[in-house]
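# Tertiary structure, described
What follows is the residue order along each chain.
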Amino acid sequence: MGRLRRAGVSALAFAVVLSACRGLSENPAGEHAGLPSAAMNPVDRTEIAEGGSLRWGINEFPAQWNPHHVAGNLAIVEKIMEGLLPTPFRVDEDGEARPNPDYVESVDVRPGDRAGTARDGGRTGGENEGQVVTLRLNPKARWSDGSPITWRDFESMATALSGERAGFRILGEIGYDRITSVRPGADEFDVVITFDRSFAEYEALFRLLLPAKYTQDPARFNNGYSDDIPVTAGPFEFAGIDPSGKILTVRRSGDWWGDPPLLDEITYRALAPAALDSAFAEGSIDVYSVSGAPGSYERAEATDHGEVRAALAPDYRHLTLNGQSDALSEVDVRHAVFLGIDRRALADAAFSTVDRPPALLGNRFLLTNQEGYADNSGEWGEHNPQRARTLLERAGWKESGDGPRSKGGEALELRFVIPRDHPPALSEAELVQDMLDEVGIGVRIDPVGGDEFFGDYVLPGNYDIVGFVNTGGGFPVSQSLQQWSEPATGEDGEPDWRANVGRISSPEIDEAMEDALTAFDKGEAWERINRADRLLWEAGHTLPLYQRPELVAVRSDIANLGAPGASTLDYADIGFLDDGE
């Protein structure tokens, strides 16, 4: 099934007493010490053949290709659009962000009255001071319609994503809501961005920049990239889309100003997980992400033309509980679900056929291999069926013989929505069903179409339990804040939960995340991030399961492609090795 991209300039948390937490670690070994941060078969581009078509298998085919639209909040949208839209900052495999010279020549950051650069003393000053970030754009950068990329594109996008204008179905306004102005500097290629509050993760902003004409008007923003990718500015450009056949094709851009792409074209083709396995084994696709389905890893490894490249994934599997559903509106019931689930058993079952066990995760913001990681699960991360029963009794849910517990004549039964024809999701749901049955909670498994899973079920809250993967990168708070934030007020006056699909929030959680975003000192930022996560554990918002190994099956003769971890993929350098390699 698909993955939800951690939302915002882009995942969920509750409070446990500090003494219950593991100490902060600057270099956590985690359970994945044997896996690298990235596995890409890196080769200098001078040693790679020019030309060729790459056939990329994907497991879903979205209708919305605007990554800043709430319906475009999918990992596959971000992955594909990385080769088509501007990314001002690139993230390396260690999670460090630096200016991308294809789009940004230099950066100057001035917090308050103090001058500095992004990489020296610029990250000092009081947390409540304003902040000015100046980007010097690469003047060669152009949109595919021929117009230059200028400050106007940044200004229009900042306004659209600020949350101040009605009609824009934005994913979230984090960071953009702090911007008071975007104006030109010496010329139109100087972008001067003024913040009313400090924003430590400013590099996360304007990622996958859209042209101004698609952010000035709500209709164009909402519909312009639906079943179409009309304007691009990357090493590749849009070549065609076949929604019925679930095929998207991009080709080398003849107007690209950077290092020319080595490939002629890339064809993305959506298939069911089992069909992806077969297609790779038969040689009809060249790359795809291996699922946890039984036999998937072994089949990919056994091919004579390919290999599985494995690294620490910048994502994690979790179970989200719908806090607005009748059965899960009480925190005691949500905590009972947490305690009734054996996370280690789910992790071991998910990767039983793969010699790369996932690491249990006790944090929604930081992963086990990231600086500052702490296991904040405390009392709520353990498997304790007896205490789960006690909490359910306290909440008024009484045992009723052989069936689920009941209260007021209503049975305690949860609807677990999963994508149809995805064996790993079904296996996980069946295990959860058995585990919760032991504490008196019934679970009804509801398989739905994979392409409708997020749009028709997860985002509108049409479920009680759902499992999927959150993916992130080098910006732990801003990329995920919307997933844990209080709702905005919709145009109809009703709460608009946007990326907070668990529909659980509190002012205290929002305040803790806000505090983390203002901290330029790493140690202080880590402590504040972990405080926000402890609050999320206490609120019973989303049960983190495990950080996954990223397993990508790739043809052996393909270079600079595989499992990138947290790093930004460089599409221009992907290619086929010369015969002599």
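The structure under discussion appears in the preceding block.
Predicted model, so just to flag it, every value in this text is computed and none were measured. (Residues numbered from 1 in each chain as written. Predicted model: local features only at pLDDT ≥ 70, side-chain atom pairs only at ≥ 80, totals over all residues. Heavy atoms only, no water.)

## Looking at empty space enclosed by the protein
By volume, the second largest cavity is sized at about 120 Å³. Glu82, Arg90, Asn100, Tyr103 and Pro235 are the residues nearest the centre of the second largest cavity, which is lined by 14 residues in total. Grouping the constituent residues of the lining of the second largest cavity by class yields 7 nonpolar, 3 polar and 4 charged. (1 Å grid on protein atoms, 1.4 Å probe; cavity = no way out; pocket = protein on both sides within 12 Å on 5 of 7 lines; lining within 4 Å. Points joined across faces, edges and corners; volume = space filled by probe spheres on them. Nonpolar A, V, L, I, M, F, W, Y, C, P; charged D, E, K, R; others polar.)

## Let's talk about the packing of helix α6 (residues 331-340) against helix α12 (residues 522-539)
Relative orientation of the contacting elements α6 and α12 amounts to 100°, with a least axis distance of 8 Å. Classed by the angle they form, the pair α6 and α12 counts as roughly perpendicular. Counted together, Val331, Arg334, His335 and Phe338 of α6 and Trp537, Glu538 and Ala539 of α12 form the full contact between these two elements. Tallied by class, residues from the contact of α6 with α12 come to 4 nonpolar, 1 polar and 2 charged. (Axes fitted to C-alpha atoms, helices over the stretch in contact; angles between N-to-C directions. Helix = DSSP H or I, 4+ residues; strand = E, 2+ residues; numbered from the N terminus. Parallel < 35°, antiparallel > 145°, perpendicular 65-115°, else oblique. Contact = heavy atoms within 4.5 Å.)

## Looking at helix α11 (residues 507-518)
Taking 1.5 Å as the rise per residue, α11 with 12 residues should run 16 Å; its terminal C-alpha atoms sit 17 Å apart, in good agreement. Buried within α11 are the following residues: Ile509, Ala512, Met513, Ala516, Leu517 and Thr518. Looking at the buried residues of α11, the elements they touch are α12. (Expected span 1.5 Å × (residues − 1). Buried < 20%, exposed > 50% of the residue type's maximum accessible area, 1.4 Å probe, protein only.)

## Quick look at the pairing of strand β6 (residues 131-137)
Alternating positions in β6 separate cleanly, Gln131, Val133, Leu135 and Leu137 being buried on one face and Val132, Thr134 and Arg136 remaining unburied on the opposite face. In this structure, strand β5 (residues 104-111) lies alongside β6, joined through 7 bridges in antiparallel fashion. Opposite Ser106, over in β6, you have Arg136 as the bridge partner. Sheet topology places β6 next to strand β8 (residues 190-195); 6 bridges connect them, and they run antiparallel. Within β8, the residue paired with Thr134 across the bridge is Val192. (Pairing = 2+ DSSP bridges.)

## A closer look at the side chain of Asn322
Note on placement: Asn322 falls in the loop between β13 (306-321) and α6. Separated by 2.9 Å, the side chain of Asn322 and the backbone oxygen of Gly461 make a polar contact. Reaching out from Asn322, the side chain makes a polar contact with the backbone oxygen of Tyr463 at a distance of 2.9 Å. (Polar contact = N/O pair within 3.5 Å; in protein donor to acceptor, adjacent residues only side chain to side chain.)

## Section: the packing of aromatic side chains
Under the criterion given, the structure shown has 19 aromatic pairs. Each ring, one from Phe168 and one from Phe221, has its centre 5.4 Å from the other, and the planes form 65°; the classification is edge-to-face. You can see Phe168 sitting in the loop between α2 (151-160) and β7 (179-184) and its partner Phe221 sitting in helix α3 (residues 218-223), a full 53 residues away along the chain. When its relative accessible area of 1% is taken as the criterion, Phe221 is described as buried. Ring geometry for Phe365 and Trp484: centres 6.3 Å apart, planes at 65°, overall edge-to-face. Highlighted residues: Phe365 in the loop between β14 (359-360) and α8 (385-394) and Trp484 in the loop between β20 (465-471) and β21 (488-489), separated in sequence by 119 residues. Note on accessibility: Phe365 and Trp484 belong to one class, buried. One aromatic cluster in this structure is built from Trp56, Phe236, Tyr268 and Tyr571. Across from the ring centre of Tyr214, 5.0 Å away, lies the NZ or CZ of Arg220, which sits over that ring. A cation over an aromatic ring shows up here: Arg364 above the ring of Trp537, its NZ or CZ 4.2 Å from the ring centre. (Phe/Tyr/Trp six-rings, centres within 6.5 Å; stacked < 30°, edge-to-face > 60°. Lys NZ or Arg CZ within 6 Å of the ring centre and 35° of its normal.)

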